[in-house]
Amino acid sequence: MDRVSYDALLWLSFGGPEGPDDVLPFLENVTRGRGVPPERLAEVAEHYQHFGGVSPINRLNREAITAVEKELAAQGIELPVYFGNRNWHPMVEDTLARMAADGVRRALVFPTSAYGGYSACRQYDEDIERARAAVGEGAPELVKLRQFFDHPLFVGTLAEGLRNAHAQLGGARTVFTAHSVPESADRASGPPEEGGRRYSRQIAEAARLVAAEAGVGAYDVVWQSRSGPPQIPWLEPDILDHLDALHAQGETAVVVCPVGFVSEHLEVVWDLDTEAAARAAELGLGFARVPTAGGDPRFAELVVELVREHLMGAPVAKLSDFPAAGCTVNGAPCAPGCCEPVKRRG
Ligand SMILES: CC1=C(CCC(=O)O)c2cc3nc(cc4[nH]c(cc5[nH]c(cc1n2)c(C)c5CCC(=O)O)c(CCC(=O)O)c4C)C(CCC(=O)O)=C3C
Ligand SMILES: [Fe+2]
């Protein structure tokens, strides 16, 4: 059987500021047309300023890319890796222009999110479409890799981290956390005939798989980092409220597993390691946080396995019964009506 050939791998991520002057323009890029109130933006800008206006996300992506380049070379796969972002430099439009100039005609795209939903899946499709339109004629064909929330290497890495955290902190309750999204966005996050809610169901499934592999019995799934006007419902409970509730129920310690995220970016180092850890300390709850999967050597293997599914028809490794989704060409949606952007009022 003929295999389609690819000239490159495009690492497509969110982007983050790399200095104090980047913070506001970055936040304007993230929130353009998204109805985030100015008070929330000012608050988030301050979180970035605590870190000198630098999000670790770009450095972490560069490190992960280096690891993937090594893994590709070790497996004898010749595929140059390019790096482009949705919201900050290197912007994906510029990267794609460089790829075209380098003669890339067809590339695989690795988006740095494991899940479905508008923010995690469809918005990366929009980035692909926008970048191709910006490059115009001669833009490389772009094939996005699938969602990997149920890949054994993703689940296994988090499960090992969870076991280690429990070994540190005896008798702790396990709390899985992911980025909250508006209820309406969650309902739209999957083909309508599947009843939507693909994002929250995939998060719940990943949590279930990780807990099972780690041998953890009781656990909760909670949400964090919500924005948007308070009258619009987002996924709940919020992690901070949940820590209060666990304390009231007599729990004495928590292990927090950021199952919804791939790397140690600001949502993790601020919203969890700073805010949630401070709330736990106030309550006298022991607190440990599981590392995200992206920094583990197995993550490079995972990415190369996803690539090999396309290059060599390697078997699709997944632990859940969810259909493998997210793999589309040139920014097409997964299915009609899948991961639709939320309609906003006003
Ligand atoms: C599901 C999801 C993921 C996980 C999937 C994925 O990884 O893609 C994710 C990741 C990330 N979110 C990030 C940063 C931000 N997200 C924001 C705002 C929002 N995120 C949303 C959802 C998600 N976000 C939503 C529904 C909004 C409201 C506005 C809108 O509807 O679009 C805002 C605006 C301010 C605020 O409102 O907080 C910022 C600054 C960073 C970079 C961190 C860094 O710089 O280190 C990363 C990796
Ligand atoms: Fe999708």
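Residues numbered from 1 in each chain as written. Chains lettered and ligands numbered in written order. Predicted model: local features only at pLDDT ≥ 70, side-chain atom pairs only at ≥ 80, totals over all residues.

## Brief notes about the UniProt feature "binding site: Fe-coproporphyrin III" (unreviewed entry) in the protein
The positions that UniProt labels "binding site: Fe-coproporphyrin III" (unreviewed entry) are, in the present scheme, Ser55 and Tyr124. What serine 55 contacts, discounting residues up to four positions off in sequence, is Gly16, Pro17, Tyr48, His265 and Leu266. The topology assignment puts tyrosine 124 in helix 5 (residues 118-135). Judged by the 26 C-beta atoms lying within 10 Å of it, tyrosine 124 falls in the buried class. (UniProt positions renumbered as here; feature names shortened; annotations may be inferred. Contact = placed C-beta atoms within 7 Å. Helix = DSSP H or I, 4+ residues; strand = E, 2+ residues; numbered from the N terminus. Buried ≥ 20, exposed ≤ 12 C-beta atoms within 10 Å, placed from the backbone.)

## Let's talk about the UniProt feature "binding site: Fe(2+)" (unreviewed entry) in the protein
What UniProt calls "binding site: Fe(2+)" (unreviewed entry) maps, in this numbering, to His179 and Glu267. These annotated residues cover 89 residues of sequence, and their C-alpha atoms lie no more than 8.2 Å from one another, placing them together at a single site. Along the chain, histidine 179 falls in strand 5 (residues 173-179). Judged by the 23 C-beta atoms lying within 10 Å of it, histidine 179 falls in the buried class. Beyond its immediate sequence surroundings of up to four residues, glutamate 267 is in contact with His179, Gln224, Ser225 and Phe261.

## With respect to the pairing of strand 7 (residues 253-257)
Most of strand 7 is tucked away, with four of its five residues classed as buried. With four bridges connecting them, strand 5 and strand 7 associate as parallel partners. Residue pairing for strand 7: phenylalanine 176 is matched across the bridge by cysteine 257. As judged from the four bridges shared by strand 7 and strand 8 (residues 286-289), these two strands associate in the parallel manner. Of the residues in strand 8, the one forming a bridge with valine 255 is alanine 288. (Pairing = 2+ DSSP bridges.)

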